[in-house]
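# Summary of the model geometry
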Amino acid sequence: MRVKNLLSTLLLLTSIQFFAFSQVNAPLPYGPIPNEHQMRWQQMEYYAFVHLSVNTYTDMAWGKGDEDPEIFNPEDLDCRQWARICKEAGMKGIIITAKHHSGFCLWPSKYTDYSVKNAPWRDGKGDLVREMADACKEYGLKFGVYLSPWDRNHADYGKPEYITYFRNQLSELLTNYGEVFEVWFDGANGGSGFYGGANETRTIDRNTYYDWKNTYQFVRTLQPNIVIWNDGGDRADLRWVGTESGYVGETNWSLLNATGDVPEQMLRYGLENGDTWVPGEVNTSIRPEWFYHEKEDTKVKTLPQLMDIYYNSIGRNGALLLNFPIMPNGLIHASDEKVVLEFAHAIKKAFSVDLAKRSKAEASHVRGNDQRFGADKALDQNNETYWTTDDEVKTASLTMHFTQPISFNRFLIQEYILLGQRVKSFKVEVFTNGAWKEIAKETTIGYKRILRFHTVQATKLRLTITDSKSCPLISNIEIYNAPQILAPPSIVREQSGDVRMIPADFESQLYYTLDGSNPTIKSDKYTEPIKTGDGKLVVKCIAYDPVTKNSTPVFEEKFDIARKHWKIIGTADKNAYNMLDGNVHSQWYQDRNQKMPVDLVIDLGKVENVSGFKYLPDQNWWAGGIITNYSFFVSPDGREWKLVDGGEFANIKNNPLWQSKSFAPVKTRYIKLQALGNTQHDNEVGYAEIDIITE
Ligand code: FUL
């Protein structure tokens, strides 16, 4: 009996031991990893910026610091409207410009008079930061602050005393308004300003002046859970991605080095072997500019543009910080609200049915053959579990078998970044028509990567990690069949006369006519630039979704004669032809040494019956060279000129759109647009496009 007991005890011990040995350990972290605050932030994914300050009332991008607080009166201000919109838009928080470069404070700071205290708004008794914080609380949003280090109002800016002032302000913002999830230290620093009446230019060394190391420490003492954004000085928790246009690199490492300069390339792509975790935040505005300008009411980003931004930020291991410029009355404009809610709806629709759920997965390698790390852990909707391999395995695949053929066009994948970002490259193949077909070959994954591709129908999908720093850890895979965004394409006519269409959704089918009739899906399908003759053209077009069988209303673009034979006289600069390329985003500037009046002479190649001309100024926000006053001449030989029109482009400053001028028809081979003045009252003259109107 005793022997039997001993035996069974031995057996039990051995099996426990065997079991214990068969259990592999979870991988150890590899390289830098996010801290808990960065992790919490990363999971927010999408949140808002709001820009409001004195320059909202002066139509400026930046306040100069001498604006009278009297102008600050957002009479209908309602932070609850902002919070409601952000909440409905699916955002997780709001960051407010508590103080922009002007130095004007949206809260009644004890340390300056340059604030809402001295504004007519709420009779000087208001506290906009408080209203924002309260509205965030009410709507269950996190609350963040932007505090510009550069202060164009403060007399001490540039001196050591200013740092005390800056920290005093931080202490107000970070103690009096509850939990703050993020603080934003804008990189624009130093330059000209009011500076307490000195009206001069002050330069600082943005790496040392703010004593970031101690400033960060101070911030963290006041708000232990905060994440700090900074694009200069000591590395903060989050990095700028090097652009304000709403995208980060396809390759996007959440790593940088703690010290040393960060070239723009590195901001965009991160640094594969960086020694510090610094993930990218993609900041962009729903309009071209950060502050409200009425002239941008027609330039609110469209749904397709916002969708691109989504895939190019959140879909590339970034977070999206989308800005609303607040109107002078204190509200978000109805057009901005409309499109951001459409955007939310479209995202919801795109990611509503996860088709990966309908699959069974197997993997080429599983860590220690332990099912705790099996392929199904990438599909179990649990971000705490992951599929992984033994440490030395850097190439492995996971195959998903669908119960029936499925159609899809989005692939979403996440790494378990708590143990480091590891994957260097991967590919996706589908099993379709009896064979494997590669549909994507990519680099990094990170917290989240979303791939877009043309809809495929398949019975299997194979993910292959082709290179990884150490064993890959895949916590989640999702597959979707996103509906097409049906919107009109952009249609341009190049100098050659060819017509190019740029679809709003890359899966859109475009059908067009050139004979004035309304296109249907029986009309010509757009596949490549359309060769046309030299004459005038009416292009009518629809975008069509073969799945829903819906199409857009007919969209039409009219073009005058092709500019094929035109020659720009008096310049050897090839960029001059940017004016004729149909692309409104390319421009050309005349030699900057010329003095007004500045002539643009064009040889039309042959005699045309001209009855007007069209001018589109440089479309960039900072564009100079916008012509306000002009004369227009014609000539048979480019020597003898006859004035046929002249005057001004009224309101071109506020509305730098196409300007059309007509005059009595005249037969001519040469034209001359003479710039007499510009919006800046200097000698710069630029053009995005130039065209004529013919009889
Ligand atoms: C920039 C600033 O200069 C802009 O005015 C804006 O605040 C943007 C978010 O950051 O650097």
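Quick caveat, the model's predicted, so the values are computed rather than measured.

Conventions and cut-offs
- Every chain is numbered on its own, with residues counted from 1 as its sequence reads.
- Confidence filtering applies because this is a predicted model: local features only for residues at pLDDT of at least 70, side-chain atom pairs given and counted only at 80 or more, and all residues used for totals across whole chains, interfaces and linings.
- Working from all heavy atoms in the structure, the side-chain values ignore hydrogens and water.
- The rule for a salt bridge is simple: a side-chain nitrogen of Lys or Arg has to be within 4 Å of a carboxyl oxygen of Asp or Glu.
- Here a strand is any run of E in DSSP of at least two residues, a helix any run of H or I of at least four, and the numbering for each starts at the N terminus.
- Exposure categories follow from relative accessible area, calculated using a 1.4 Å probe and restricted to protein chains: below 20% of the type maximum is buried, above 50% is exposed, and the middle band is partly exposed.
- Here, proximity means that at least one heavy atom of the residue falls within 4 Å of the molecule or strand.
- Two N or O atoms count as a polar contact when they lie within 3.5 Å, although within protein this holds only if one can serve as hydrogen donor and the other as acceptor, and sequence-adjacent residues are included solely when both atoms are side-chain atoms.
- The Shrake-Rupley method, run with a 1.4 Å probe, gives the accessible areas here. Residue values count only the displayed protein chains as cover.
- The criterion is simple. A nonpolar core is a set of buried Ala, Val, Leu, Ile, Met, Phe, Trp, Tyr and Cys residues joined through side-chain atoms within 4.5 Å.
- For the domains described, the bounds stem from an automatic or database domain assignment.
- Residues are treated as being in contact if the distance between any of their heavy atoms lies within 4.5 Å.
- Multiplying one less than the number of residues by 1.5 Å gives the expected span of a helix.
- Two strands pair under a simple rule: DSSP has to find at least two bridges between them.
- Confidence of the predictor at the level of single residues is given by pLDDT, which spans 0 to 100.
- Ring pairs are drawn from Phe, Tyr and Trp, using the six-membered ring of Trp, whenever the two centres fall within 6.5 Å, and their geometry is named by plane angle: stacked under 30 degrees, edge-to-face over 60, tilted for the rest.
- The criterion is that NZ of a Lys, or CZ of an Arg, lies within 6 Å of the ring centre and within 35 degrees of the ring normal, and then a charge sits over that ring.

Another aspect to go through is the pattern of salt bridges. All chains considered together, the criterion is met by 35 salt bridges. Residues D297 and R287 are paired through a salt bridge, measuring 2.9 Å at the closest nitrogen-oxygen approach. Here D297, found in the loop between β11 (280-285) and α8 (303-313), pairs with R287, found in the loop between β11 and α8; they are 10 residues apart in sequence, far enough to count as distant. According to the relative accessible area criterion, D297 is partly exposed, its value standing at 25%. When its relative accessible area of 0% is taken as the criterion, R287 is described as buried. Where R563 meets E689, a salt bridge forms, and the shortest distance between an N and an O atom there is 3.0 Å. Here R563 is found in the loop between β26 (555-559) and β27 (567-569), whereas its partner E689 is found in strand β34 (residues 689-694), with 126 residues between them in sequence. The pair formed by R563 and E689 is uniform in burial state, with each residue classed as buried. Each of the salt bridges in this network shares a partner with another, and the network as a whole consists of R84, E88 and E337.

Neighbouring residues of the ligand: F49, H51, W62, H100, H101, Y146, W184, D186, A188, E244, N283 and W290. Interatomic distance of 2.9 Å between a side-chain N/O atom of H100 and an oxygen atom of the ligand. Against a free-state accessible area of 290 Å², the protein chains account for coverage of 90% of the ligand.

Glancing now at the environment of T302. Checked against the element boundaries, T302 lands in the loop between β11 and α8. Sequence separation between T302 and S335 is 33 residues; the distance between their C-alpha atoms is 9.9 Å.

Of all hydrophobic cores here, the largest spans 85 residues; its most connected members are F72, W82, L128, M132, F143, F324 and F343. Of the residues forming this core, the biggest block, 7 residues, is contributed by helix α5 (residues 160-175). Shared between two domains, this core holds at least three residues of each, these being domain 1 (36-350) and domain 2 (355-480). In this view, F72 contacts L52, S53, V54, Y57, F104, L106, V116, A119, P120, W121 and L128; residues no more than four positions away in its chain are not counted.

If you check α5, its first and last C-alpha atoms are 23 Å apart, about what 16 residues at 1.5 Å a residue would give, namely 22 Å. Along α5, the residues classified as buried are Y162, I163, Y165, F166, Q169, L170, S171, E172, L173 and L174.

With 4 bridges joining them, strand β20 (residues 490-493) and strand β21 (residues 499-502) adopt antiparallel strand pairing. Bridge pairing in β21 places S490 opposite I502.

On to unusual backbone geometry, then. Backbone phi values are negative for most residues with the exception of glycine, while trans is the configuration of most peptide bonds. Of note, the bond from M596 into P597 is cis; its omega dihedral lies within 30 degrees of zero at 0°. Its place among the elements puts P597 in the loop between β28 (588-589) and β29 (598-616). A positive phi angle is found at N433, which is not glycine, with a value near 50°. Turning to its location among the elements, N433 is positioned in the loop between β16 (423-432) and β17 (435-442).

Here the focus is the confidence of the model for the chain. Averaged over all residues, the pLDDT of the chain equals 94, while 96% of them reach at least 70. Note on residues 6-21: pLDDT under 50 across the span, and 0 contacts to partners over four residues away in sequence or across chains.

Further remarks concern the packing of aromatic side chains. Going through the model one piece at a time under the given rule, you end up with 44 aromatic pairs. Note on F72 and F104: the rings are 5.0 Å apart at their centroids and 45° apart in plane angle, and the pair reads as tilted. Here the residue F72 occupies a position in the loop between β1 (46-51) and α3 (79-88), and F104 occupies one in the loop between β2 (93-99) and α4 (128-138), the gap between them amounting to 32 residues. For the pair formed by F72 and F104, the shared burial category is buried. Aromatic side chains Y615 and Y687 sit 5.9 Å apart centroid to centroid with 80° between the ring planes, which places their arrangement in the edge-to-face category. Taken together, the residues span a long stretch of sequence, with Y615 in strand β29 and Y687 in strand β33 (residues 686-687) at a distance of 72 residues. The exposure classification of Y615 matches that of Y687, with both residues buried. By the ring-pair criterion, three or more aromatic residues cluster together here, those being Y157, Y162, Y165, F166, F185, Y195, Y209, Y210, W212 and Y216. The residue whose ring lies beneath K672 is F633, and the NZ or CZ to ring-centre distance is 4.9 Å.

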